[in-house]
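Coordinate analysis (summary)
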Amino acid sequence: MKCVLGLLLGLLLLHQGRCFEFVIDGEWEDEAKQPEDHRERHKRAILTSEEQEDFEAIRGEDITVKRYQVESRITSRFAHTTVRSSVVNSGSKAQSIGFNVQIPKRAFISNFTMNVNGITFMGSVKEKTVARNLYAQARARGKAAGIVRANSQDLETFKTEVHVPPGSNIEFELHYQEMMHRKLGFYEHTLFLQPGRLVPNFQVDVYIYEPKGIANVHTPNTLGDQFAELIHVTSTKDKAHVVFKPTLQQQKKCENCTNTAIDGVFTIKYDVNRDSNAGELQVSDGHFVQFFAPSNLSPLPKNIVFVIDVSGSMWGVKMKQTVEAMQAILDDLSIDDHFSIIDFNHNVRCWSEDLVPGSSLQVADAKKYIQSIKPNGGTNINEALMRAVQMLVKASNQGLIDPRSVSMIILVSDGDPTVGEIKLSTIQKNVKRVMREEFSLFSLGIGFDVDYDFLERIAMENRGIAQRIYANHDAAEQLRTFYSQVSAPLLRRITIQFPEDSVSDVTQNRFDKYFSGSELVVAGKVLPSDSDTLTSFTTASAALLDITMETEADTTELDQELAKQQHSFTGFARQMWAYLTIKQLISERALAPTAVKKRKITQRIMALAVEHQFVTPLTALLVESEDARERLLADSPKDPKHGCCSGGPPGGGSSGLAPVQVVYQPPPWVQMTTPAPPSQAEKGPEEWALPQRVNLVDNDPHFIIHLPTSNMDVCFNIDSKPGDILNLVSDAGTGLVVNGRLISSKQPHKGKLSTYFGAISVYYEPDGISVTVHTGGIAMSDGANSHSFTWGATAEVTQDGVRISIVKNSHVTVTVNNHTQVMVLLHRVWKKHPVNVDFLGIYIPSSNQYSPLVHGLIGQFSREPEVSVHDVRPGVDPMKNEATMEVKGNRLQVTRGLQKDYRSDAKRGSAVSCWFVHNSGKGFIDGHYSQYIVPSLHSFLHAP
């Protein structure tokens, strides 16, 4: 809501023989009464002027600011910020004292209180009509004043003034809440500090608590060199405290100055630990929040049509900054990307009528074209966008677009349409009609003479987002930063689901795309259940991959932990759910097709905002004295032609897809690993993962070969060196190879240095796909793209004929063409163990299908040799019999012993009785074990 007149409104109160009055700089007029064009021009003018306006947190002459404190408590990416100030009118006469706070536009004010000479004014959020009526009643009695909120760049200004007599004490306190959005790999928390004067007690405290741990936290030097050493960061595994507490002398611009040097944005950047690509699921206060920010995935190819406004209004700095930004953006394109450029004024021109690869020659030519543009003429947005869509459709129809690539239009404009179709609603309908589901539209509005509401609506309807670019010296950097947030799409068609009857009121859980460095967030309510575990299932498409991932959370654990944390925000999950829901409802309201639908959404927003105490475009903060006789009102401001804050973050991949209201059953394969019924959980995943009879290598490394015809198990060890790569299966006929690299224990035990498998590779040559499992994670590559997954979540990944099934912190099963399986089992040991290390075991079914060319330490036994064991007799160890084995023309002395199969019990293992062949399997395997050492994890074996 904007102030439109420079008026003063007085309120006279008696308190201990003194009086004071509230002051506002405007009257609360109903904007609907003004002509629309006048209203929009006026709002743009105000916004432009406010961008230039000097800002002070505390205003007034001859005042003493005793205290100015800012405290933020960030818990799981949700921040509650409190700004407190204590001021005394130390002058000799009455005057107006202002309290101004700049907050991020995405934040919701949740409360404001003020104490003036002992009279306390408390805030409460009410529906806007209710608040205005109460305010109007007080105003009619001359007992009210206003609080003005205004826009400026990415910030919004909260302003109030109070006119007080000499000696008056005033205390202000403002609360606001916001969700941290992840962009380019970090969360950024900003606090605007510009007190305008020296403050004896000036302090900023930011407390961060992240249950999964804080990966890094730093404070960029945005306040000036003199404060660089005064910002102190203390961090532990999961907590951080940032404090900025300059003394009065340290605040001064110079040693003898009386002016403060604190003037700018105080910034904290941090990121969290992620132990899996499946995301982080948190449950607290009856609500859940799922964070999804996978990494180590190859970017999807991009098809981009840049649509650039070159009308006359772009002349000068706007065009110069756009050209500068496009130079850097075009350099970012790779040969796998395709692009074109459309520039428009009253006419529409194409640099290329077709999408072209992002080769160096094409990029160089495009740069020359951009540099030659001379802005002039009108603005034909409709035709430009229609031409861009036609270009993508044509490329798609001709098969030039990779089905797994991401196709997007990036519109850069600074004005309203003036040529061709100028009716905004018609342009919106035209674009939506021709846009395909796999295309996205991103809108960038330069400056203030642009209909940002229109740009945002047309972007949201077409699976994109809008962003305002401020036409100043760093506009080029703003454009580049925006592009960098959408330049690396990693996933498409992401859906986050939960078991039926486990959750309700789920926020948007389908997303069109996910960009590197961002984060997708889904929240909801947890339904009562006998289980203390909540599970989520995420499906997505990556470059040539289809992925399904599972993560789970204890429903009581986090609340117990939060209760121990002194500075945590215990209601974060509940408030974050409400915050996300309201933001999404506001976006839905802007796109509501009918008045009835809009009213229903409006009612939901107002009910939620009042319940959770958020000041939104549909609610207001009514500030009342204790006797409710005096009232102030704070409304949410409007952007030009727009009644709300922007939509989701660019990196978050706002989808434009309707939220999935139905909560689906988990996929069939996942149900098998979900420990829902106790009887099923007791079986464990091992029994369904692989057949009972397998060939395996585990521990140091002990081989167990199962011979089905003889119904016999034969064992042997390989005493090779750390670093050696042993071939287990080499099948030149099917193109499959399985190799393992040896690692050693930390030090010898009883004079022996044990060796184990530290990495297992499954390489399928026909598709060029390799899967490398190591103790730190799982990597998959097809030569052009590589993807990494951790052991921290259950997941399934499919590419061509290869499927990877990961069971959290247990094992990985690689299936090739549905007839060959390899399971790799993870063994974890105590990290500080003086000898032992993490290692892997490998289990390969005897039933695998190979070609006649198969060989390797395990592969050779797909052709079962004739084995006879006789002359069984007591051995040196009375517990172990000895015997003579005849195999492959060799007579071997073998010992009866026990080895371990760890599939059903990863710690103790299950005993397997076998005949042990000494001397590294000599005589049982073909040739000598050294002949099975290969140069790389992908090497095929030259048969001995």
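Everything discussed here concerns the structure shown above.
What comes next concerns the included structure. The structure presented is a predicted model; accordingly, all values stated were derived computationally and were not measured.

1. Considering the packing of aromatic side chains
On inspection of all chains with the given rule, the structure shows 23 aromatic pairs. Geometrically, the ring pair formed by Phe306 and Tyr483 is tilted, given 6.4 Å between the ring centres and 45° between the ring planes. Residue Phe306 is found in strand E21 (residues 302-309), and its partner Tyr483 is found in helix H9 (residues 475-486); the two are separated by 177 residues along the sequence. As far as burial versus exposure is concerned, Phe306 and Tyr483 are alike and both buried. When the centroid spacing of 6.3 Å and the interplanar angle of 70° are considered together, the rings of Phe442 and Phe515 count as edge-to-face. With Phe442 in strand E26 (residues 439-446) and Phe515 in strand E30 (residues 510-515), the pair connects residues that are 73 residues apart, well separated along the chain. The two residues Phe442 and Phe515 agree in class, both being buried. An aromatic cluster is defined as three or more aromatic residues linked by ring pairs; in this entry it consists of Tyr68, Phe202, Phe227, Phe244 and Phe266. The ring of Tyr452 has Arg468 sitting right over it, with the charged end atom 4.7 Å from the ring centre. Between Lys583 and the ring centre of Phe108, over which it is positioned, the NZ or CZ distance is 4.5 Å.

2. Some words on unusual backbone geometry
At Asp285, a residue that is not glycine, the phi angle is positive and equals roughly 55°. With respect to the helices and strands, Asp285 occurs in the loop between strand E19 (280-284) and strand E20 (287-292). Taking the relative accessible area as the measure of exposure, Asp285 reaches 38% and is therefore partly exposed. With a phi close to 60°, Gln613 is a non-glycine residue in the positive phi region.

3. Quick notes on helix H7 (residues 424-434)
Along H7, the positions that sit buried rather than exposed are Leu424, Ile427, Gln428, Asn430 and Val431. Down the axis of H7, the buried set is contained in an arc of 165°. They therefore lie on one face. Exposed positions of H7 whose direction lies more than 90 degrees from the buried face are Lys429 and Arg433. Packed against the buried residues of H7 are helix H6 (381-397), E26 and helix H8 (452-460).

4. Notes on the packing of helix H4 (residues 317-331) against helix H5 (residues 360-371)
Where H4 meets H5, the axes come as close as 10 Å, and the angle between the chain directions of the two elements is 175°. With respect to H5, the axis of H4 lies roughly antiparallel. Taken together, the residues of H5 that come into contact with H4 (itself represented by Val323, Met326, Gln327, Leu330 and Asp331) are Val363, Ala366, Lys367, Ile370 and Gln371. Here the residues of the contact of H4 with H5 are counted per class, giving 6 nonpolar, 2 polar and 2 charged.

5. Digging into the sheet that holds E19
Ordered by their spatial adjacency, 4 strands build an open sheet running E19-E20-E31-E29, and the pairing between neighbours is antiparallel. Two strands close off the open sheet at either side, each with one partner strand: E19 and strand E29 (503-504). Here 5 bridges tie E19 to E20, and the two strands are oriented antiparallel to one another. Looking at the pairing, Ser284 lines up with His287 of E20. Sitting on the sheet, helix H11 (residues 572-590) is in contact with E19, E20 and strand E31 (520-526), with an inclination near 70° to E20.

6. Some thoughts on the side chain of Ser754
Mapped onto the fold, Ser754 is located in the loop between strand E40 (736-744) and strand E41 (755-764). Exposure remark for Ser754: the relative accessible area of 14% places this residue in the buried category. Discounting residues that sit within four places of it in the chain, Ser754 has contacts with Asp700, Ile743, Ser744 and Ser745.

7. Quick notes on the sheet that holds strand E12 (residues 182-183)
One key point about sheets: their strands pair by backbone hydrogen bonds, in either a parallel or an antiparallel sense. Spatially, E12-E13-E18-E15 is the arrangement adopted by the 4 strands of the open sheet, whose pairing is antiparallel. Edge positions in the sheet fall to E12 and strand E15 (214-218), since each has one partner strand and no second. Inspection of the sheet shows E15 paired to strand E18 (residues 264-272) by 4 bridges, in the antiparallel sense. Note on E18: the bridge partner recorded for Asn216 is Asp271.

8. Quick notes on the pattern of salt bridges
For the structure shown, the criterion picks out 36 salt bridges. For Arg274, the salt bridge identified is with Asp271, shortest N-O distance 3.0 Å. Exposure remark for Arg274: the relative accessible area of 26% places this residue in the partly exposed category. Given a relative accessible area of 8%, Asp271 falls into the buried group.

9. Quick look at the pairing of strand E28 (residues 489-497)
For E28, the tally of buried residues reaches 8 of 9 residues, placing the bulk of the element in the interior. Two strands pair when backbone bridges link them, and E28 and E30 are joined in this way by 5 bridges, in the antiparallel orientation. Across the sheet, the residue bridging to Pro489 is Phe515, located in E30. Sheet topology note: the E28/strand E32 (residues 533-542) ladder contains 4 bridges and is antiparallel. From the neighbouring strand, Ile496 faces E32, where its bridge partner is Thr538.

10. Concerning the environment of Val283
Tracing the backbone shows Val283 in strand E19. Spatially, the C-alpha atoms of Val283 and Thr556 are 7.3 Å apart, while their sequence positions differ by 273 residues. Not counting chain neighbours up to four residues away, the residues in contact with Val283 comprise Phe288, Val526, Leu534, Ala553, Asp554, Thr555, Leu558 and Asp559.

11. Here we look at the state of the cysteines
Per the stated rule, a full pass over the model turns up 2 disulfides. A sulfur-sulfur distance of 1.7 Å marks the disulfide that ties Cys254 to Cys257. Disulfide Cys254-Cys257: the torsion about the S-S bond is 90°, which places it as right-handed. Residue classification places Cys254 among the partly exposed residues on the basis of a relative accessible area of 37%. Disulfide pairing is shown between Cys715 and Cys914; the S-S distance is 1.8 Å. In this structure the cystine formed by Cys715 and Cys914 twists about its S-S bond by roughly -125°; its chirality is therefore left-handed. One end of the pair, Cys715, is in strand E38 (residues 712-717); the other, Cys914, is in strand E53 (residues 910-917), with 199 residues separating them in the sequence. Of the two residues, Cys715 and Cys914, both sit in the buried class. For the chain, numbering the cysteines in disulfides from first to last along the sequence yields the connectivity 1-2, 3-4.

Cut-offs and rules
- Residues numbered from 1 in each chain as written.
- Predicted model: local features only at pLDDT ≥ 70, side-chain atom pairs only at ≥ 80, totals over all residues.
- Heavy atoms only, no water.
- Phe/Tyr/Trp six-rings, centres within 6.5 Å; stacked < 30°, edge-to-face > 60°.
- Helix = DSSP H or I, 4+ residues; strand = E, 2+ residues; numbered from the N terminus.
- Buried < 20%, exposed > 50% of the residue type's maximum accessible area, 1.4 Å probe, protein only.
- Lys NZ or Arg CZ within 6 Å of the ring centre and 35° of its normal.
- Arc of directions from axis to C-beta.
- Contact = heavy atoms within 4.5 Å.
- Axes fitted to C-alpha atoms, helices over the stretch in contact; angles between N-to-C directions.
- Parallel < 35°, antiparallel > 145°, perpendicular 65-115°, else oblique.
- Nonpolar A, V, L, I, M, F, W, Y, C, P; charged D, E, K, R; others polar.
- Pairing = 2+ DSSP bridges.
- Salt bridge = Lys/Arg side-chain N within 4 Å of Asp/Glu carboxyl O.
- Disulfide = S-S within 2.5 Å.

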